[in-house]
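Examination of the molecular architecture
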Amino acid sequence: MSALEQAGTGGTFRTWIRDLGLGMRFGANGGREGWTRTVLTAIGVGLGVALLLLAASVPAMISARDQRGYDRDYSWNGAQPKRTASTVLFAQADTTIGGADIRGLLLKADGDRPSLPPGVKTMPAPGEMVVSPALKRLLDKPDSELLRERLNYRITGTIGDQGLVGSAEMAYYAGSDKLVARSADGKTGNATRIPDFGRERGPSEPMGGVLTLLLIFGIVVLLVPVGVLIGTAVRFGGERRDRRLAALRLVGADSRMTRRVAAGEALFGSLLGLVVGTGFFLLARHFARGVTVYDLSAFPSDIRPAPVLAALVAIAVPSAAVAVTLMAMRGIAIEPLGVVRNAAARRRRLWWRLLIPLAGIGLLAPLFGSVSQEDAGVNPYQVTLGVVLLLVGLTAVLPWLVEWVVGRFRGGSLPWQLATRRMQLHSSAAARMVSGVTVAVAGAIALQTLFTGIQGDFTTPTGQDPSRAQLGIKYRVDSGAQAQQVTKAFVDTPGVRSVIGIVQGEAAQGNASTLKSLDQLQSIPLFLADCSAIREIANVGANCADGDVFMMEVGDSPLFKPGATLDLNMPGPDRYTGTPQPWRIPADARSVQHRVAPDGSMEWGILATPAALDVANLPRPEVRLSLILDPGSQDAVERARNTAALIDPSIVVDQFTATVVSDRFKDIRRGLFIGATLTLVLIAVSLLVSTLEQLRERRKLLAILVAFGTRRSVLALSVLWQTAVPVFLGLTVAVVGGLGLGAALLKMVHTPFHPDWASVGEMTAVGGAVIPAVTLLAMPALLRMMRPDGLRTE
């Protein structure tokens with residue numbers, strides 16, 4: 001018995017270690033061909049490892065963002081603190097430019113030792129501001145003139161990383177000498193006093209069953225394609241490897257030893273892939289500061305894989321490489337004189353492949369109709385295993401479908417015949433190449449189907465009517481004259497077609513000075529506007545003229561009637577101040593029904609036209625404006641925001657929308673779309689690597705065909721068909737499987753199945769776009785392999 005025969009016998013742990021080590025030596029010392037195969041495997045595995053490490057960093061990224069958000073929090077719900085040397089007055093001055101949110105605060109120090117927000121070294125003086133690096137870059141752009149007009153402060157510094165939730169966040173802190181502490185009733189003052197910045201991190205809000213299901217499913221959908229791609233990568237160069245193993249059999253190794261040696265080669269490639277993947281991860285981490293995806297960004301220091309998850313990746317990837325190789329070798333008979341791979345193989349059976357997705361359905365079926373938004377009791381293991389089986393089942397069905405379809409191809413053009421013959425001989429390689437695309441697109445379709453089905457549960461109507469007005473502004477002023485000035489400023493703003501202006505005050509029934517207790521106070525809302533504005537909040541019809549007064553009540557019990565006297569001087573929070581300002585409701589005042597305003601509000605109270613009540617008699621009224629914009633003016637919204645900032649930077653300009661989506665739902669959807677984008681990029685790169693590996697395997701054959709006169713365009717078209725046919729079949733399986741999985745998930749949340757065909761088409765088109773992209777990128781390598789030196793052998 002030879003030494004190799006003795007080494008190959010047995011299955012002890014030492015034998016496994018020896019054979020795996022021998023395979024690793026073959027992988028490291030296989031010459032140029034061996035190293036090319038190993039490098040391709042390392043790149044394929046490394047791409048998957050990099051994405052897995054990024055996924056393992058998500059908890060740390062979220063935690064770091066949340067913590068910085070709590071550290072800079074300025075919310076204050078208790079009693080207003082007394083003024084000290086460290087207290088600070090602030091007013092929110094957030095704004096938006098081109099759909100991008102800008103976080104802003106106006107600050108004023110109460111003393112010489114003010115508390116500073118994180119990332120700020122010195123308190124900005126009045127007229128100065130410190131900005132985030134992203135906002136500074138935006139302000140420096142030539143086309144940011146409108147934003148520079150709005151943020152008309154001198155930049156004196158930048159906000160440090162510890163004061164920003166992300167590297168691309170746009171934020172600023174500006175100094176202001178116009179801030180006055182707000183009174184207890186909120187009628188005077190424009191700022192809030194706080195002792196310091198930063199708040200305790202409270203318990204997280206429970207997500208509920210539907211969002212929990214969505215999150216679990218999204219993570220599975222993102223990670224399963226990565227596992228499939230890693231499993232595909234470790235099988236690169238299978239044909240040349242099998243020929244080497246046949247030579248190993250010729251010198252005395254048995255079949256078990258050859259399998260272990262093959263597993264050792266895959267182990268070496270996967271270990272090198274871990275190193276390459278770590279390098280990709282560190283490279284991506286280094287450039288993370290300049291990357292923004294779906295408005296989310298991160299600092300390099302945030303991207304830290306959880307140690308447990310990183311260790312799991314380091315163990316799982318090599319283990320998976322060994323397991324996949326051993327399973328692949330079970331269907332191959334490696335003999336001393338050759339590999340029985342090219343012989344006529346048995347036709348693949350479909351029945352056991354269908355059992356895998358059916359088992360997944362069996363796990364999910366007990367959950368049908370049991371998942372609700374209120375109940376968070378979702379079994380994550382049952383959901384995860386069921387979804388994994390369904391997605392893996394697609395990869396099991398795909399080889400059978402590819403073999404069944406390509407086996408029926410006959411005739412056609414020369415490029416088509418070259419492609420189909422190649423696929424008929426090696427249908428497994430064609431199916432493996434597109435399995436990642438299939439799983440990713442199927443998961444994306446199912447995810448989009450689930451999003452579409454449950455979005456209504458997280459979408460709330462606002463009552464606002466963007467067709468009647470597009471912007472809304474509420475601002476408390478000191479006098480009626482100031483209210484008129486504010487209204488006129490927006491009327492004169494370019495791009496504003498008209499303004500629905502209402503001045504709102506309050507009045508007390510009777511004489512407020514005679515009240516013995518504020519508990520006896522009955523406050524009546526009082527609205528002053530012209531007839532056109534009154535028609536927007538009340539059904540007064542065409543019978544309205546300046547000087548009219550209307551009474552708009554709710555309920556059956558009248559709160560006021562014609563001839564009643566009101567006191568325009570409302571009491572303060574503690575006592576009555578000033579002198580009474582009586583105003584009598586005219587005897588001809590009419591009762592009218594309320595109407596939903598453009599901003600979604602439904603009011604009640606007294607409606608008076610300017611001739612019936614002088615606006616100057618209203619102490620500290622609130623201006624309520626609804627702006628109708630010129631559709632032809634692209635900058636109308638930004639110019640209106642500039643006008644508001646010129647009046648008071650803390651004015652909130654509300655852009656009307658008919659519905660609003662839950663922030664938690666939007667965050668999960670945005671995060672999953674980011675992951676899906678990264679996964680699709682990974683799949684495209686991996687498919688390119690797979691194509692290059694297959695071309696390398698056929699280098700000598702391509703060179704021979706060219707030497708015998710085959711045109712290069714024929715071979716290029718054959719490569720296109722070899723990519724297009726499996727991808728088309730994979731996308732067909734993806735559409736069917738994705739819609740089926742989406743239907744099962746909607747059944748779990750008790751939601752009717754209504755597929756979004758537009759989204760299905762988009763996902764399919766994205767998956768199909770890799771065909772021309774991969775073919776185009778593979779052309780340089782294909783042309784190089786057609787050269788005569790491709791006939792050289794080692």
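Up top you'll find the structure we're talking about.
Residues numbered from 1 in each chain as written. Predicted model: local features only at pLDDT ≥ 70, side-chain atom pairs only at ≥ 80, totals over all residues. Heavy atoms only, no water.

Here we take up the pairing of strand β18 (residues 590-594). As defined by bridge partners, strand β14 (residues 538-539) adjoins β18 across two bridges and the pair is classed as antiparallel. Paired with Asn 539 across the two strands is Gln 593, which belongs to β18. Examined bridge by bridge, strand β15 (residues 549-552) and β18 share three bridges and lie parallel to one another. Pairing of Met 551 across the sheet is with Ser 591, part of β18. (Pairing = 2+ DSSP bridges. Helix = DSSP H or I, 4+ residues; strand = E, 2+ residues; numbered from the N terminus.)

We now examine the packing of aromatic side chains. Tallying each qualifying case throughout the model produces five aromatic pairs. Each ring, one from Trp 400 and one from Trp 404, has its centre 6.1 Å from the other, and the planes form 15°; the classification is stacked. One end of the pair, Trp 400, and the other, Trp 404, are both in helix α11 (residues 380-406), four residues apart, so they sit about a helical turn from each other. On the accessibility criterion, Trp 400 (21% relative accessible area) is partly exposed. The side chain of Arg 260 reaches across the aromatic face of Trp 16, ending 5.6 Å from its centre. (Phe/Tyr/Trp six-rings, centres within 6.5 Å; stacked < 30°, edge-to-face > 60°. Buried < 20%, exposed > 50% of the residue type's maximum accessible area, 1.4 Å probe, protein only. Lys NZ or Arg CZ within 6 Å of the ring centre and 35° of its normal.)

Further remarks concern the pairing of β15. Of the two faces of β15, both are covered, the one formed by Val 549 and Met 551 as well as the one formed by Phe 550 and Met 552. Inspection of the sheet shows β15 paired to strand β19 (residues 605-608) by four bridges, in the antiparallel sense. Bridge pairing in β19 places Met 552 opposite Gly 605.

What follows is about a nonpolar patch on the surface. Together, Trp 351, Trp 352, Leu 354, Leu 355 and Leu 358 give the surface a local cluster of nonpolar side chains, amounting to about 540 Å² of exposed area. Counting through the fold element by element, Leu 355 comes out in helix α10 (residues 351-364). (Patch = residues over 30% accessible without salt bridge, like charges linked within 9 Å, V, L, I, M, F, W, Y side chains within 5 Å. Areas by Shrake-Rupley, 256 points an atom, 1.4 Å probe, with all protein chains shown as cover. Salt bridge = Lys/Arg side-chain N within 4 Å of Asp/Glu carboxyl O.)

Attention shifts here to the pattern of salt bridges. This structure, assessed with the given rule, holds 17 salt bridges. Between Asp 302 and Arg 68 there is a salt bridge whose closest N-O contact spans 2.7 Å. Taken as a pair, Asp 302 in the loop between α8 (255-286) and α9 (307-329) and Arg 68 in helix α3 (residues 31-71) lie far apart in primary sequence, 234 residues in all. Like Arg 68, Asp 302 is buried. Among the ionic pairs, Arg 83 bridges to Asp 110, the shortest N-O distance being 3.9 Å. Taken together, the residues Arg 83 in the loop between α3 and β1 (88-92) and Asp 110 in the loop between β3 (100-109) and β4 (128-131) connect sequence positions 27 residues apart. With relative accessibility at 58%, the residue Arg 83 sits in the exposed group.

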